[in-house]
Amino acid sequence: MERIEEKRQSASNSSAATMMINIADYEAKARSKMLPAAYDYFAGGALDERTIANNQAAFGDIHLVPRVLRGASTPKISTRLAGHSLAAPIIISPTAFHGLAHPDGEVATATAANALGTIMTVSTTASSAIADVTSATSYPVWFQLYMLKDRAITRDLVREAEVAGCKAIVLTVDVPAWGRRERDMRNEFALPKGAVIKSLLLKGREDFYDGTMNVPLSQFISERFKFDLTWEDVVWLRGVTKLPVFVKGVVHPLDAVEAVKSGAAGVIISNHGGRQLDTCIPTLFALPSIVQAIGDRVPIVLDGGIRRGVDVLKAIALGATAVAVGRPVIWGIAADGARGATRVLEIIRDEFRNAMSLCGCNSITEITSDLLRWNTTKRVLLPRA
Ligand code: GLV
């Protein structure tokens, strides 16, 4: 008996207990390595953080009804998104300040995107220069844009992304006001002294930003970023770039219709990872009505709550072309730089492939909504698939 207990003890102290096999393992490791305020910045959201929890919980409210005897042992998971070939329907969402997670910043993230064979979206507020990010991957980099108050400087920023080789602009549209993030308020969250937002260093625009920040981050942002966007801004943006413009931050079907009307190349269903409006509809539940409203006129990317490969499968079964992951990649780089982010993406990819096999799907097109059943105890709250 004692021997068994000893063995148990030594197993729990061994590498088996610290094996990194899922995204939660990476989050725990990341948390142990990060400054608490930086961890909170990435992990946290608005108010009671219900949207964050609900984005993830939504996937548990849909059950899978797998098919059998379909020979689906080696599914083909590669796909196409907006003209790009991807190794899997999993892309990287924009998130800010990767330098808070790892000194290599967004370059580490791009290295991971390249290793997986997918698209990375680099934020307007990146720790690395945009050109350094695009140089780190041979797969497409998209540029997430926060529209600036000054249109001429916005144009310069878009131009910088174009020159760096970015393949699309992802316009964030869900920030008419900054969400009330209580963790950041309590921590008086600020960038560390000397941290530079290299993506915003524009030649000849030193008066806009010269790499120093003498005011709190929130003031810096509210002085420079344009919050009162309208659909007219989308049209304006389309007029100043030849790159396709994706609209990110849509959950209402009428806004998805408006995005298509405004010439968006794609819609990214997102509630900003629960960082803006608390109790916002989980993105997975927003997906069916958006698919119904715009069909396959443009690609639909689902952002928010993806932690498992089965989540990817459910989003695709409900009509998403691909999913986007944000926090998991941050946990990956914080835990182990580019290698950690690569592992995180590989884990989600491998789980997705496994889920396809187990659902009897040989290819992405075989992932259909007949594989899903809403959890009947909650059905009354959910839209129809
Ligand atoms: C930036 O986009 C943030 O949500 O902090």
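Quick caveat: nothing in here was measured; it's all calculated off a predicted structure. Every residue gets a number counted from 1 within its own chain, in the order that chain's sequence is written. The predicted origin of the model limits local features to residues at a pLDDT of at least 70 and limits the giving and counting of side-chain atom pairs to 80 or more, whereas totals for whole chains, interfaces and linings rest on all residues. Hydrogen atoms and water are omitted, and side-chain values are computed over all heavy atoms in the structure.

Novice: Help me out: how do you make sense of the packing of helix α7 (residues 151-164) against helix α10 (residues 231-240) in this one?
Specialist: Packed helices, taken two at a time, are described by their axes: the angle between them and the distance between them. Axes, fitted as lines to C-alpha atoms, cover a helix only where it is in contact. Angles between the N-to-C directions of the axes lie from 0 to 180 degrees. Note on conventions: DSSP H or I runs of at least 4 residues are helices, E runs of at least 2 residues are strands, and numbering of each starts at the N terminus. Interaxial distance between α7 and α10 falls to 11 Å at its minimum, and their mutual angle equals 50 degrees. Between α7 and α10, the angle is such that the two are oblique. Of the two elements, α7 crosses α10, and the hand of that crossing is right-handed. Along the contact surface, α7 presents R151, T154, R155, V158 and E162, while α10 presents E232, D233, W236, L237 and V240. In the scheme used here, Gly and all other residues not listed as nonpolar or charged are polar, with Ala, Val, Leu, Ile, Met, Phe, Trp, Tyr, Cys and Pro taken as nonpolar and Asp, Glu, Lys and Arg as charged. Its residues assigned to classes, the contact of α7 with α10 comprises four nonpolar, one polar and five charged. Here roughly perpendicular refers to angles of 65 to 115 degrees, roughly parallel to angles under 35, roughly antiparallel to angles over 145, and oblique to all remaining angles. For any pair of crossing helices, the crossing counts as left-handed if the nearer helix is rotated counterclockwise from the farther one by less than a right angle, and right-handed if it is rotated clockwise. For this analysis, residues touch if any pair of their heavy atoms sits within 4.5 Å.

Novice: So what exactly am I meant to see when it comes to the site of the ligand here?
Specialist: We define proximity as follows: a residue is near a molecule or strand when any one of its heavy atoms falls within 4 Å of that partner. In the vicinity of the ligand, the contacting residues are Y41, Y146, W178, R181, H272 and R275. With respect to the ligand, the side chain of H272 contributes an N or O atom lying 2.8 Å from an oxygen atom. Calculation of accessible area relied on Shrake-Rupley with a 1.4 Å probe; when residues are assessed, cover is drawn exclusively from the protein chains displayed. Protein contact buries 90% of the 190 Å² of open area that the ligand shows by itself. Of the pockets mapped on this structure, the ligand occupies the largest pocket. Among the residues making up the shell around the ligand, the classes are represented as three nonpolar, one polar and two charged. Polar contact criterion, stated in full: a pair of N or O atoms within 3.5 Å, where within protein one must be able to donate a hydrogen and the other to accept it, and residues adjacent in sequence count only if both atoms are side-chain atoms. Using protein atoms alone on a 1 Å grid, points that fit a 1.4 Å probe yet trap it form a cavity, whereas open point sets bounded by protein on both sides within 12 Å along at least five of seven lines form a pocket; residues with an atom within 4 Å of a point count as lining. Placement in a cavity or pocket follows one criterion, namely that more than half of the molecule's atoms lie within 2 Å of its grid points.

Novice: What is the right way to look at the pattern of salt bridges in this model?
Specialist: Any two side chains of opposite charge can pair, given that their charged atoms come close. Whenever Lys or Arg places a side-chain nitrogen within 4 Å of a carboxyl oxygen from Asp or Glu, that contact is recorded as a salt bridge. Summed over all chains, the structure comprises 14 salt bridges. In this structure, R159 and E162 form a salt bridge, with 3.2 Å as the shortest nitrogen-oxygen distance. One end of the pair, R159, and the other, E162, are both in helix α7, three residues apart, so they sit about a helical turn from each other. Only protein chains enter the area calculation, which uses a 1.4 Å probe; residues under 20% of their type maximum are buried, those over 50% are exposed, and those in between are partly exposed. Taking relative accessible area as the criterion, E162 reaches 22% and is therefore assigned partly exposed. In this structure, R349 engages D350 in a salt bridge whose closest nitrogen and oxygen atoms are separated by 2.9 Å.

Novice: When you look at the confidence of the model for the chain in this model, what are you seeing that I'm missing?
Specialist: Parts of the model with low pLDDT should not have their predicted coordinates read in detail. Values of pLDDT, which run from 0 to 100, indicate the predictor's confidence residue by residue. Residues with a pLDDT of 70 or more make up 93% of the chain, whose mean pLDDT is 94. Note that pLDDT drops below 50 for residues 380-385; the model gives that stretch 12 contacts with residues more than four away or on any other chain.

Novice: Explain the state of the cysteines here, please?
Specialist: Structurally, a disulfide amounts to a covalent bond that connects the sulfur atoms of two cysteines. Two cysteine sulfurs form a disulfide in these notes if their separation is within 2.5 Å. Counted by the stated rule, this structure contains zero disulfides. Of the cysteine sulfurs around C359, a residue in no disulfide, the closest is that of C361, at 5.5 Å. Judged by relative accessible area, which is 4%, C359 ranks as buried.

Novice: How should I be thinking about the layout of surface pockets in this particular structure?
Specialist: Which parts of space are left empty comes out when a probe the size of a water molecule is rolled across the atoms. Grid points are joined across faces, edges and corners, and a volume is the space filled by probe spheres set on the points. What the largest pocket holds in volume is close to 790 Å³. In terms of lining residues, the largest pocket is bounded by 41 residues, among which Y41, W178, R181, D184 and R275 are the most central. Those elements giving two or more residues to the lining of the largest pocket turn out to be α3 (36-43), α8 (182-187), α9 (217-224), β11 (322-325) and α14 (327-359). If you tally residues by element for the lining of the largest pocket, the top one is α9, at four residues. Here the residues of the lining of the largest pocket are counted per class, giving 19 nonpolar, 14 polar and eight charged. Of the pockets and cavities examined, the second largest pocket occupies roughly 540 Å³. If you trace the second largest pocket, you find 28 residues lining it, with V173, D174, V175, P176 and G249 closest to the centre.

Novice: Is there a simple way to think about the pairing of strand β6 (residues 141-145) in this case?
Specialist: Burial analysis of β6 places five of its five residues in the buried class, which makes it a mostly covered element. Where burial is concerned, the two faces of β6 agree: the one with V141, F143 and L145 and the one with W142 and Q144 are both buried. Chirality of the crossover, the property in question, places the unit of β6, α7 and strand β7 (residues 168-172) among those that are right-handed. Orienting the strands away from the viewer, one traces the path from the first strand over the helix to the second; a clockwise path indicates a right-handed crossover.

Novice: How should I be thinking about the nonpolar core in this particular structure?
Specialist: Soluble, globular proteins show a tendency: their nonpolar side chains are buried together. In plain words, nonpolar cores are sets of buried Ala, Val, Leu, Ile, Met, Phe, Trp, Tyr and Cys residues tied together by side-chain atoms within 4.5 Å. Ranked by internal contacts, the top residues of the largest apolar core, which has 109 residues, are M34 and W331. The element that contributes the greatest number of residues to this core is α14, accounting for 15 residues. Apart from residues no more than four positions distant in its own chain, W331 is found in contact with I23, Y26, E27, A30, M34, Y39, F42 and A43. A168, F246, A322 and A324 belong to the second largest nonpolar core, which has 12 residues in total.

Novice: Would you mind going over the pairing of β11 with me for this structure?
Specialist: Successive side chains on a regular strand alternate, one facing one side of the sheet and the next facing the other. In β11, alternate side chains face the same way, and those of A322 and A324 on one face and V323 and V325 on the other are all buried. Where strand β4 (residues 90-92) lies against β11, three bridges are found, and the strand directions are parallel. If you follow I92 over to β11, its bridge partner there is V325. One bridge is not enough; two strands pair if DSSP finds at least two bridges between them. Sheet topology places strand β10 (residues 300-303) next to β11; three bridges connect them, and they run parallel. Note that in β11 the partner of V301 across the bridge is A322.

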